[in-house]
Amino acid sequence: MTTSATVATDQAPRPATIRTVSQHIVEFVSDSGEGAQTAGQLFGTIAAKSGNGVWTVEIIPAEVEPPARSRAGASGNRVRVGTKEVTNMGDTADIVIAFNEQVLYSRIDVGALKQGTMILLENKWAKSGLPGVPEAYAEALADFARRGYVVVEVPMEAECLKVVKDARRGKNIWCLGLLCAVYDLDMQHVEVELKRKLGKKSAEVVANNIALLTSGRTWGDANIEMRFNVPVEPTTQTMVVMNGNQAIALGAMAAGFEVCSMYPITPATSVSHHLASVFHRSGGFVHQAEDEIAAIGFALGCAYAGKTPLTVTSGPGLALKTEFIGLAVMAELPIVLVDVQRGGPSTGLPTRVEQGDLLSVLFAEPGDAPKIILAPATIAECFDFMITARKLAETFRGPVMVLTDANLATGQQPFPRPELKEEWLAPPIDQSAWDRTVRPYEWDPATGLSQRPIPGQRNGNYVLTGLAHDEHSRVAYESSINQHSMEMRSRKLATLLDSLKPPTVRGDDTGDLLVVGWGSTLGAIDEAIDRLRAEGHRISSVHLRYLSPMEPGLKEIFARFKKVMTVEINYSDDVNAAGFTAQNRRYSQLAFLLRAQTLCDVDCWSRVPGSPLSPSMIENALRTHLTKG
Amino acid sequence: MTTSATVATDQAPRPATIRTVSQHIVEFVSDSGEGAQTAGQLFGTIAAKSGNGVWTVEIIPAEVEPPARSRAGASGNRVRVGTKEVTNMGDTADIVIAFNEQVLYSRIDVGALKQGTMILLENKWAKSGLPGVPEAYAEALADFARRGYVVVEVPMEAECLKVVKDARRGKNIWCLGLLCAVYDLDMQHVEVELKRKLGKKSAEVVANNIALLTSGRTWGDANIEMRFNVPVEPTTQTMVVMNGNQAIALGAMAAGFEVCSMYPITPATSVSHHLASVFHRSGGFVHQAEDEIAAIGFALGCAYAGKTPLTVTSGPGLALKTEFIGLAVMAELPIVLVDVQRGGPSTGLPTRVEQGDLLSVLFAEPGDAPKIILAPATIAECFDFMITARKLAETFRGPVMVLTDANLATGQQPFPRPELKEEWLAPPIDQSAWDRTVRPYEWDPATGLSQRPIPGQRNGNYVLTGLAHDEHSRVAYESSINQHSMEMRSRKLATLLDSLKPPTVRGDDTGDLLVVGWGSTLGAIDEAIDRLRAEGHRISSVHLRYLSPMEPGLKEIFARFKKVMTVEINYSDDVNAAGFTAQNRRYSQLAFLLRAQTLCDVDCWSRVPGSPLSPSMIENALRTHLTKG
Amino acid sequence: MFGLKQDWQLDEKARHFVLEDYEGAAPRWCSGCGDNAVLSAVQRLARDLQLVPEKTVTVAGIGCSSRFPHYMKTYGFHGLHGRALPVASGVRARRPDLDIFVATGDGDCCAIGTAHWIHAIRYNMKMVVMLLDNNVYGLTKKQTSPTSRRSFTSNTHPQGSLLSPLNPLSVTLGITNASFVAQTVDWNPAHVYETLKAAHAHPGLAFVRILQRCPHFMDGHFQDIQDDPSKILLMTHDKGIPIDPSLKRLFKNQVVHDPSDLDAARRYADTQDAVPIGLFYRNEHAERYDLDTARGIDMTPQQRMKAVDAELDRFLV
Amino acid sequence: MFGLKQDWQLDEKARHFVLEDYEGAAPRWCSGCGDNAVLSAVQRLARDLQLVPEKTVTVAGIGCSSRFPHYMKTYGFHGLHGRALPVASGVRARRPDLDIFVATGDGDCCAIGTAHWIHAIRYNMKMVVMLLDNNVYGLTKKQTSPTSRRSFTSNTHPQGSLLSPLNPLSVTLGITNASFVAQTVDWNPAHVYETLKAAHAHPGLAFVRILQRCPHFMDGHFQDIQDDPSKILLMTHDKGIPIDPSLKRLFKNQVVHDPSDLDAARRYADTQDAVPIGLFYRNEHAERYDLDTARGIDMTPQQRMKAVDAELDRFLV
Ligand SMILES: Cc1ncc(C[n+]2csc(CCOP(=O)(O)OP(=O)(O)O)c2C)c(N)n1
Ligand SMILES: Cc1ncc(C[n+]2csc(CCOP(=O)(O)OP(=O)(O)O)c2C)c(N)n1
Ligand code: SF4
Ligand code: SF4
Ligand SMILES: [Mg+2]
Ligand SMILES: [Mg+2]
């Protein structure tokens, strides 16, 4: 963040120590509805706009309106800012702004704090009239001290009440002002952003907010000694900042999708919220169907009629789509399905992150159902892969599954603004006459590829069917046709595989340990490995984007390392726990695939904490493996 | 078959050459509705009752009423009889009784005939008034001669009309009489069986049928020279004969199931047909739900209320149950799901055999959903495994998947009559008070096992949920609970695995090639291997019944063979076909699992002909692998 | 190109279609199966209306009746059991230019497809939906269907089915936004034809239940109604299905029913002593979801890109 | 042991249950959420009827309203979105001894659960089904539901929803074998209570639609009806829901409606200008599938084995 030239306060600032840091983690936590999420997002946007790297993570309670002052009710945002690109949520927070001590405990529970974390804590609870509250507050203060946190008690509400009547509504902005002091931000920039955020709100509301912001800043300047500066590196690139679901929505528009057919399910739904608010501007529409089966059925109707559709879902919804995905494979209908993975199995942890759907997406359909599976690893890739996915779906005539997760879905990150290309858009529906000598499934025996007629194309008439069928799409009764058509559908994967390059190894090409990952863990894995390499460990990583077909050359890469393991956010039996052995153990999902694929003894370290893996969790796990041999 | 002492005919038999054979294959084929299936079944039953080994395979047209005289319309039965137990459909037919030459072609197309096969062919077509028919018939006769088949033209309809007015209705029984001549059967036994089959039909109908039977026999004795004898080995065992779906239905009753909740789907439905006709006698009922989702939902309601339910389905229906299976795993509800596999993907080949659902059953559910998977390999096992499956479901508190296929479903085989045990039955629903100190998911940390309260049990009250939950079944918000409960559910598989013995190797313990199979292919694989061993090849086999957890000790067994491969009826890329390599190739389903599990380079030979694999198809494929090295 | 000026359509005018132009693969239904009669009615209708074959799409689920698309020489979608209606809705969504016919069975529509049936009626997207109701599961060989009569003995209910049949008409008439509900019988080709013609002309989803004979599994099931025309209640009205004078003579049991009267329609749908045929209800002004889903199909690539660019800019840092 | 002589039940008589005995986890609904009112009505009803807690099962799908089972101290099944009714039917199938309450939301029941809703009504297995209809998807944070009013702005329809709301009452009343259909409003505890009491007493499936406030996402949505009792049409009848005199005074807009009159019930269900509350329809003699599914529960192991042995013998060679 840039250091502000002037300080917009009517009070002389206290002299402060400014510490320059390359990255910093701030959390806002409040009861649900108190605005910590908004304040966090604003802070992230301001940081990004001033040129910092940023990664934000939403802190979301599981219930709509959880009880006040409860661990289950914590709502807010973590914002990690850095001089360079920030690729993940990082480890422990440097500063936490907490509206009460109970929501703070939910962060302590998940290990978000460390000794030395500075806590800016609302202090009104000390004098609260609510039964038990002052005691709980006092107890917590003592506990925090024992834990080595640096607590700054802040009279948030009291200060707000000096400016506005309803403190609950403005506390978040006041705290943003407080942070402006800590990071010595340019208040003009901040005000611009705040006003933009307030949008069409009344002049009075805007004035109130500015007053709160200023008050927070003033109080901070007067009362808080620590100052941090996260320097900015100059860049000429135009950047955008958004979360993964927004990136998917915009990517879908840029890719020329015109139909998103869905049924609401967390954490996928917000893709369609984003789309619904703007899709019509580019001529598209969101169909909210009566259920997930109808959603994909509707989508495949669109596909048959010439428009490659998008459908977005998550675990339980994915399960319901299984039968139709099988039809899409069998009848070779292009469709892009985004699965925003959440905690499973079953309803599981609906708002939490997991990478548990890989095997499901690969194998769920009864019978052989080869399909393409992609996994973006960054917010920018969420955008880009939509363009790739639509092209792949059409070229390879079938479903393309895009796996993201709750971490990408809600994580915000700046990335270079994509320059749209007309070729990204879907071409208009071809209505020229079809060459009647070409069969509707005229599979190229070498590639399995074929062209499909679209209703309206004269002479193209054919009847699509989920039954085994020949090149004419006629129901096949002979066994040779079944074998052949299965082969043709499978061959498409081999064809795509042929065009893929082996993944690049990050770090040295040989070494003691190679870590393989996929999806949202990219940044955290890289950061963990960088630390270990800095310590001198011979460790490298590979991150996969194509899971089906699996990227080529892995066996050869693996052979150059003493040991290979995956790091994943899904379940595996822990070989160190009593009763599990290398024999009876169930592996994490990518590890399982890689073992079958390469026959290398690929190990895994995986966890299902319902939250992203932090670099240090990974670092510790890897260190154990490095020292074990 | 026993040689009859007296011959029930009023005409002196022509002297005949009797050839004694250890096994023989007879096929009946007709247009749909002409009764070849009934005649074939009767023939099989008679053979079984006289003490022969028998295996029957249904020949089913894909349509309800396919066109007459068409390849697609062939309907009938293959009956393989033997002195010893018959474990599969065998290779080519020795005798085919065909009601017209076109349906015969459908058998020729699938390679069911060989040079020397004797064809007993209705000859009325030679003089048919239907346009083109005499020509087609003549052409076929010439073709059959070229192919080296031994054609005996039989005036079936003409002879029947001497006895009854409507030949179409009786031809099948007349042909059965014909076969009685060929195998010189005891007509008294045959008549008893025929009468039993006719059940409560009128005396006139019975008399007509006996007359037709006798007429066929007489004609055969007078006109057919060949005589075969398949000797019988004496046995003291009481045997039953039925098909796999009947065995599942009876096994379910013997296991004490009281609820079968289903939605019709071929080839699973006949399990419920069998059950529906008799289930009420043992106090059970079949619920035909509005769809497969409701079927399993209803079943899980029963499970929650204390009755372990059965549900039966096939490919598309299985796909629809995915979400609920995930819930059954998560909430640990006992249920047995029989998947009678058919050709996939999608609607695929609805009446045909495939082993294509293994990976789907294992992995379909989003998130980690460990479950038990069994695969019976014989008709007798279809019965037995129902008893095992219910016990496992209750002990391990979760879904048990039983994989059969269209081959087992409709194949008939005699097996020793099971002696029922009361302990096989489910105990009555426990309604005694629950120990209130025991939590509803009080997982034993070492095994993952726990006991569940049933509504009606005082103090047992709990709310089942598909959300991540703790031992109290309370919704879990902490990450450690998620990790722990996932581990507990996974541990159950390790616990079961501990109690399993490594599979036995059939043949020598070491050698050049080990063949691994599962499910209905057992008999055909064994037969193929026996032939190869007889030739001196060092080849053995292992057949798996537990697919999850996978049976133990495989890696050690595999290590003792130069090469290991699976034989399966599902799709794999053929490594010998252009463009496929050991690298880009997609493996058959068990092979894939074994590779991941053992890291051995398990090869595979798999095909999707929509019919069972014959011993000689397997033999040829294995021979290639043996000679390759 | 669709959505743009479609010059190529001009030469369509020169084409003339005969019955054969709508005849696909040879039907594989049993002889005497009522599906045959419905197929030929649709083919005749297509010919008479000169529907452009490549602009016509038949959509079906799975079942005997759902083999329908294979027997039309148009575009067709033979999809999944129970899921014809979502697929047809999807086909319609961006293609106002197509003619859509849906064939669905009583199992397909009223059992596994129930949710889609209810919601498709509500969406009211323009298409003709033919419920081929033989009161049984045909393709899977005689199981009870929701519309099977009580005590019907099937393979899943060998001791007789337990519940009274679900009435697809009264259910449909209970759904908000239902806009065209009719019933006919496969064995009266003239009435089938006129009913489908009216259905095709309707601006919205036209739901036509066709009592369909299945001689294979339900031999003689509708025989009584067939033999005794007085068991049919012919609903007539000048806003209803046009009735041939011969029909008027055949069906003595008649009633004048105004298809805009929903209350009366619901009452007639419940008729127990006779089978009402004709138009129960029509509302040409019901909301149509397909008018919404088709918005934007004419947009140029430039317009689309401009819009996406503008959206992207909102996220600039 | 269930199905056998249940001696242990004798000492039940000695037990007396207070409200607390039905109170499970502390409700986590928003304050002012109508679900709270319904929960407390069910708890009071259970207490007043002295339902045995361990013999009571609440079943739900997924949604805010579907959290219901967690807040009852009975057995409960919080299953899958849309699938409460098949599960409840399964619970009922072999357990005539249990009391079953189903809580389902408008998305749960009328969108993803539609097929089960229609068929559960037809099965008519004894249970109380409470449709908690807030006209929105609550748990997933404000998407349009099938019962959302037209032009409702939600996250999936920020420009306003496109269709008129599906009327769950008219649909239910169109289903063959519907046997109890009522409507009430969460903000009138007395009416909710009496309606649920009548529902519980009904021998079959009692379907109760409860208009339910969602202050979090639908602030003021039902305010007009709440503020102006004349916007409610109180249906009264001596065979209907017992009406407290105070209600009679509150709701001036009344009509006497005989709940055995299906035609009239359907007409009232379509009422546009007011919200009818009370009993639309009741038929105590409708077929009950649960009477069939429970057959054989009393059979002894010996009887079962004998039957299986006999079956096996039919397959002897
Ligand atoms: C998901 C799924 N479940 C079940 C089936 C099996 N199945 C095919 S058609 C059918 C019912 C056919 O009845 P109906 O819809 O009335 O059509 P009909 O054959 O009578 O014309 C069933 C149960 C299937 N194909 N897919
Ligand atoms: C298969 C599946 N699809 C979607 C969801 C996400 N989901 C949970 S609740 C819900 C809708 C809730 O609306 P409603 O049923 O009206 O209940 P309310 O929250 O309003 O009480 C949805 C779509 C899910 N859990 N499972
Ligand atoms: S089985 Fe019935 S419905 Fe199916 S084709 Fe034959 S007659 Fe028609
Ligand atoms: S969001 Fe609405 S329905 Fe859900 S608990 Fe809150 S008020 Fe109730
Ligand atoms: Mg039918
Ligand atoms: Mg709702």
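Quick look at the overall build of chain A now. If you tally the helices and strands in chain A, you get 19 helices and 22 strands. What you see for chain A is a C-alpha radius of gyration of 27 Å, in line with the 25 Å of a compact globule of 629 residues. Here the C-alpha coordinates of chain A stretch approximately 85 × 60 × 50 Å along the principal axes. Within chain A, counting contacts between residues at least 6 apart in sequence, those at least 24 apart form 77% of the total. If you sum the accessible surface of chain A, you get close to 19800 Å²; carbon and sulfur atoms cover 51% of it. Averaging the positions of the 61 positive and the 70 negative side-chain charges in chain A gives two centres separated by 2 Å.

If you look at the interface, chain D gives 30 residues, while chain C gives 30 residues. Three residues, Arg122, Leu163 and Glu287 of chain D, lead the burial of chain D against chain C; their summed loss comes to 24% of the area buried on that side. Linking chain D with chain C are four salt bridges. Between glutamate 287 of chain D and arginine 150 of chain C there is a salt bridge, with the nearest N and O atoms lying 3.1 Å from each other.

With that out of the way, let us pick up the packing of aromatic side chains. The tally for this structure, following the rule as stated, stands at 46 aromatic pairs over all chains. Ring geometry for phenylalanine 363 of chain A against phenylalanine 363 of chain B: centres 5.6 Å apart, planes inclined by 25°, an arrangement best described as stacked. Taken together, the residues phenylalanine 363 of chain A in helix 12 (residues 358-363) and phenylalanine 363 of chain B in helix 12 (residues 358-363) connect one chain to another. According to the relative accessible area criterion, phenylalanine 363 of chain A is buried, its value standing at 14%.

Another point: the site of ligand 2. Near ligand 2 lie 23 residues; those nearest to it are Glu292 of chain A together with Cys64, Ser65, Asp106 and Asp108 of chain D. Flanking ligand 2 are residues from chains A, B and D. Asparagine 134 of chain D has a polar side-chain atom sitting 2.9 Å from an oxygen atom of ligand 2. Here the shell around ligand 2 gets three residues from one element, more than from any other, and that element is helix 3 (residues 106-110) of chain D. Taken together, the residues that form the shell around ligand 2 break down as 11 nonpolar, eight polar and four charged.

As for its position among the elements, serine 611 of chain A is in the loop between strand 22 (603-606) and helix 19 (615-628). For serine 611 of chain A and isoleucine 569 of chain A, which are 42 residues apart along the polypeptide, the C-alpha to C-alpha distance reads 8.5 Å.

Bringing the relation of the copies chain D and chain C into the picture now. For the pair chain D and chain C, the best superposition has an RMSD of 0.0 Å and corresponds to a rotation of 180° with a translation of 0.0 Å parallel to the axis. When the rotation and shift are considered jointly, the pair of chain copies conforms to a two-fold rotation axis. Among all C-alpha atoms of chain D, that of alanine 115 of chain D lies closest to the rotation axis, at 2.3 Å. With an isologous cut-off of 70% or more, the 100% of interface residues of chain D that recur at the interface of chain C puts this contact in the isologous class.

Moving on: the site of ligand 4. Close to ligand 4 lie Val64 of chain A together with Trp29, Cys30, Cys33, Cys64, Asn134, Gln212, Cys214, Pro215, His216 and Phe217 of chain D, which account for all nearby residues. More than one chain approaches ligand 4, the contributing ones being chains A and D. Of the residues that constitute the shell around ligand 4, the class distribution is eight nonpolar, three polar and no charged.

Turning next to the coordination of the magnesium ion (ligand 6). Residues and elements named next belong to chain D. At the metal site, the magnesium ion (ligand 6) is ligated by Asp106 (OD), Asn134 (OD1) and Val136 (O), and these contacts range over 2.0 to 2.2 Å. Donor residues for the magnesium ion (ligand 6), ordered by position in the chain, follow D-x27-N-x1-V. Pair noted here: aspartate 106 is in helix 3 and valine 136 is in the loop between strand 4 (127-133) and helix 5 (168-173), with a separation of 30 residues, a long-range link. The exposure classification of aspartate 106 matches that of valine 136, with both residues buried.

Our focus in this paragraph is the domain arrangement of chain A. Residues and elements named next belong to chain A. In terms of domain boundaries, chain A breaks down into domain 1 (17-229), domain 2 (240-424), domain 3 (431-499) and domain 4 (511-628). For domain 2 versus domain 4, the distance between C-alpha centres works out to 26 Å. At the junction of the two partners, domain 2 supplies 28 residues and domain 4 supplies 22 residues. For the pair domain 2 and domain 4, the summed buried area comes to about 2000 Å², and 61% of that belongs to carbon and sulfur atoms. Across the contact surface, domain 2 and domain 4 share one salt bridge. Listing elements by their share of the side of domain 2 that touches domain 4, those giving two or more residues are helix 12, strand 14 (372-374), helix 13 (379-395), strand 15 (399-405) and helix 14 (406-410). Residue classes in the side of domain 2 that touches domain 4 are distributed as 16 nonpolar, six polar and six charged.

Side chains that are nonpolar tend, in soluble globular proteins, to be buried together. Counting 212 residues, the largest nonpolar core has Phe558 of chain A, Phe558 of chain B, Trp117 of chain C together with Trp117 of chain D as its most contacted members. Among residues more than four places away in sequence, those in contact with phenylalanine 558 of chain B are Leu514, Val516, Val564, Leu594, Thr598, Cys600 and Val602 of chain B.

Attention shifts here to the pattern of salt bridges. A complete count under the given rule lists 128 salt bridges over all chains for this structure. The salt bridge involving arginine 107 of chain B is made with glutamate 27 of chain B; its shortest N-O contact spans 2.8 Å. With arginine 107 of chain B in helix 2 (residues 101-109) and glutamate 27 of chain B in strand 2 (residues 23-30), this residue pair connects regions lying 80 residues apart in the sequence. Here aspartate 292 of chain C ties to arginine 295 of chain C by a salt bridge, and the two come within 3.1 Å at their closest N and O atoms. Under the relative-accessibility criterion, arginine 295 of chain C is labelled exposed at 56%. Look at the salt bridges and you will find they share partners, linking Arg80, Asp91, Glu527, Arg531, Glu535, Glu619 and Arg623 of chain A into a network.

You can overlay chain A on chain B at an RMSD of 0.1 Å; the transform is a turn of 180° with a shift of 0.0 Å along its axis. When the interface residues of chain A are mapped onto chain B, 100% of them are again interface residues, pointing to one common binding face.

We now examine unusual backbone geometry. Here the bond from glycine 344 of chain A into proline 345 of chain A is cis, since omega is -5°, no more than 30 degrees from zero. Within the secondary structure, proline 345 of chain A is located in the loop between strand 13 (335-341) and helix 12. With phi around 60°, asparagine 135 of chain C is a residue other than glycine that occupies positive phi space. When you line up the elements, asparagine 135 of chain C lands in the loop between strand 4 (127-133) and strand 5 (136-137). Judged by its relative accessible area of 5%, asparagine 135 of chain C is buried.

Let us look at the confidence of the model for chain A. Of the residues in chain A, 97% have a pLDDT of 70 or more, and the chain-wide mean is 94. Note on residues 1-10 of chain A: pLDDT under 50 across the span, and 30 contacts to partners over four residues away in sequence or across chains.

Cut-offs applied
- Residues numbered from 1 in each chain as written.
- Chains lettered and ligands numbered in written order.
- Predicted model: local features only at pLDDT ≥ 70, side-chain atom pairs only at ≥ 80, totals over all residues.
- Heavy atoms only, no water.
- Helix = DSSP H or I, 4+ residues; strand = E, 2+ residues; numbered from the N terminus.
- Rg over C-alpha atoms; globule rule 2.2 N^0.38 Å.
- Contact = heavy atoms within 4.5 Å.
- Areas by Shrake-Rupley, 256 points an atom, 1.4 Å probe, with all protein chains shown as cover.
- Lys, Arg positive; Asp, Glu negative; His and termini not counted.
- Charge placed at Lys NZ, Arg CZ, Asp CG, Glu CD.
- Buried area = accessible area lost by both parts, 1.4 Å probe.
- Salt bridge = Lys/Arg side-chain N within 4 Å of Asp/Glu carboxyl O.
- Phe/Tyr/Trp six-rings, centres within 6.5 Å; stacked < 30°, edge-to-face > 60°.
- Buried < 20%, exposed > 50% of the residue type's maximum accessible area, 1.4 Å probe, protein only.
- Near = heavy atom within 4 Å.
- Polar contact = N/O pair within 3.5 Å; in protein donor to acceptor, adjacent residues only side chain to side chain.
- Nonpolar A, V, L, I, M, F, W, Y, C, P; charged D, E, K, R; others polar.
- Least-squares fit on C-alpha atoms with pLDDT ≥ 70 in both.
- Donors = N, O, S within 2.8 Å, 3.2 Å for Na, K, Ca; no water.
- Domains from an automatic or database assignment.
- Core = buried A, V, L, I, M, F, W, Y, C linked by side-chain atoms within 4.5 Å.
- pLDDT = per-residue confidence, 0-100.

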